[in-house]
Amino acid sequence: MSCWETISAYAFRSLGYGERLLPRSEFTLCQQFTLIGSGLIWNIYFGLIALTLGFFLANAIAMAKAASSPWLRKPAEWFIFVFRGSPLFIQFFLAYEAFVLLPRAGIEIFGLTVQTSWVTKAWAGALFVLFLNTAAYSAEIFHGALRSIPKGDLEAADAYGISGWARYRRIQWPTMLRLAWPAYTNEAIFLFHSTTLVYFSGFPAFQQRGDALYYANYFADKTFNPFIPYPIVAVYFVILTLLLTWVFGMINKRLNRHLPSNMSRKIRLRPQLIR
C-alpha cells in the first residue's frame, strides 16, 4: 500500500470512515503519521469545544466571584478552588465513576426518561470534565484581570454616567480581556495538551476511535519502539501550539489595536547630515 493509499484509508478512521482494521505488520512511517494525525482530530474536538464553552462559563464565574453578594461569590470561589485544587487526572476518574453510578435505564424527569449512558463515553464525559476544569482556571484569570482594571477607567465611566451592565459591557469586559489575554493564551495551550490525558482516564474510546495517544500507544506496543510514535505526537502538538499562538496573537493584536504602541508607523528616511 502506497502512502497516498494509506492516507485515503486511514485519514478519518478515528471518525469511523475508511479502513476499519488497523495495520498488523510492516508498520510504515506514513501509517504512523496518518493514524496519529487521525486521532488528533479528537484532541482538537475536546480542546475547541471545552475552550469555547468554558470561555462563557468562566466569564460568568468571574463576575460572580467579583460580586458583593456572598450568595454569588462563595459558590464561585468554591467552584474555582475545587477544580484548581485537585489534579485533572483524578477529576477524570471521579467523574467517570459518578457517571457509571447513574442508572443505565435513564433518569425520569417530569415524566420523561432521560438516557444517561452516553455520559460514560469519552466524547461526552471527558469533554464535560475538560469544560469545567478550563472554566475554573480561566475564571481565576478573568477575575484577576477584573481587579486589575485601572481605577481611572471606572472613574471616567462614572463621570460620563455609564453604570451597571453598560459599564461592564463597554468598559470592564473589553479591558478585562485585554489584560487577561496573554495568560488565557497559556491556559488554551495547556488545555489542548491536557486532552492527551483522556486516553489514560476511565472513559473508553468508542470502537477503537481514540485520540492521538491511543494510536501512538498502539504502534509502540506492536513495534516495541516508543521512539517513533511518541515523537510524532509531540510534533503534531508543537504544530498545534504554534497555530494556537498565532491565532491568539492575532486576537490579542485586535484587542490592543487602540494602543499607541500597536499603531502602524510610517518609515521615514532621516539622514544625519551633521554629526
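Residues numbered from 1 in each chain as written. Predicted model: local features only at pLDDT ≥ 70, side-chain atom pairs only at ≥ 80, totals over all residues. Heavy atoms only, no water.

### Observations concerning the overall build of the protein
Phase 1: A tally of helices and strands in the protein yields nine helices and two strands.
Phase 2: Relative to its length of 275 residues, the protein is extended, with a C-alpha radius of gyration of 24 Å against a globular reference of 19 Å.
Phase 3: Judged by the C-alpha coordinates and their principal axes, the protein covers about 75 × 70 × 30 Å.
Phase 4: Out of the 275 residues in the protein, the part that is buried amounts to 39%.
Phase 5: Considering only intrachain contacts with a sequence separation of at least 6, the fraction spanning at least 24 residues in the protein is 73%.
Phase 6: A total of about 17000 Å² of accessible surface is found on the protein, and carbon and sulfur atoms cover 65% of it.
Phase 7: Between the averaged position of the 25 positive side-chain charges in the protein and that of its 13 negative side-chain charges there is a distance of 13 Å. (Helix = DSSP H or I, 4+ residues; strand = E, 2+ residues; numbered from the N terminus. Rg over C-alpha atoms; globule rule 2.2 N^0.38 Å. Buried < 20%, exposed > 50% of the residue type's maximum accessible area, 1.4 Å probe, protein only. Contact = heavy atoms within 4.5 Å. Areas by Shrake-Rupley, 256 points an atom, 1.4 Å probe, with all protein chains shown as cover. Lys, Arg positive; Asp, Glu negative; His and termini not counted. Charge placed at Lys NZ, Arg CZ, Asp CG, Glu CD.)

### Some details on the pattern of salt bridges
Close approach of charged atoms lets side chains of opposite charge pair.
Phase 1: Applying the stated criterion across every chain, the model contains four salt bridges.
Phase 2: Residue Lys65 is joined to Glu140 by a salt bridge in which the shortest nitrogen-to-oxygen separation is 2.7 Å. Note that Lys65 is positioned in helix 2 (residues 29–65) and Glu140 in helix 5 (residues 122–147), a separation of 75 residues in sequence.
Phase 3: A residue is classified by how much of its surface remains accessible, and Lys65, at 16% relative accessible area, is buried.
Phase 4: Each member of the salt-bridge network shares a partner with another, and the members are Arg73, Lys74 and Glu77. (Salt bridge = Lys/Arg side-chain N within 4 Å of Asp/Glu carboxyl O.)

### Overview of the layout of surface pockets
Phase 1: In this model, the largest pocket occupies a volume close to 250 Å³.
Phase 2: Lining the largest pocket are 15 residues, with Leu48, Leu51, Thr52, Leu244 and Phe248 positioned closest to its centre.
Phase 3: At the level of elements, helix 2, helix 7 (164–194) and helix 9 (229–255) are the ones that each hand at least two residues to the lining of the largest pocket.
Phase 4: Broken down by class, the residue content of the lining of the largest pocket amounts to 14 nonpolar, one polar and no charged.
Phase 5: Here the second largest pocket is characterised by a volume of approximately 210 Å³.
Phase 6: Around the second largest pocket, the lining residues are Met63, Ala66, Leu146, Ile149, Lys151, Leu154, Gly164, Trp165, Arg167, Tyr168 and Gln172.
Phase 7: Taken together, the elements giving at least two residues each to the lining of the second largest pocket come down to helix 6 (151–159) and helix 7.
Phase 8: Considering each element in turn, the lining of the second largest pocket owes the most residues, five residues, to helix 7.
Phase 9: In terms of residue class, the lining of the second largest pocket is built from seven nonpolar, two polar and two charged. (1 Å grid on protein atoms, 1.4 Å probe; cavity = no way out; pocket = protein on both sides within 12 Å on 5 of 7 lines; lining within 4 Å. Points joined across faces, edges and corners; volume = space filled by probe spheres on them. Nonpolar A, V, L, I, M, F, W, Y, C, P; charged D, E, K, R; others polar.)

Read these as layout, nothing more, since geometry by itself doesn't imply function.
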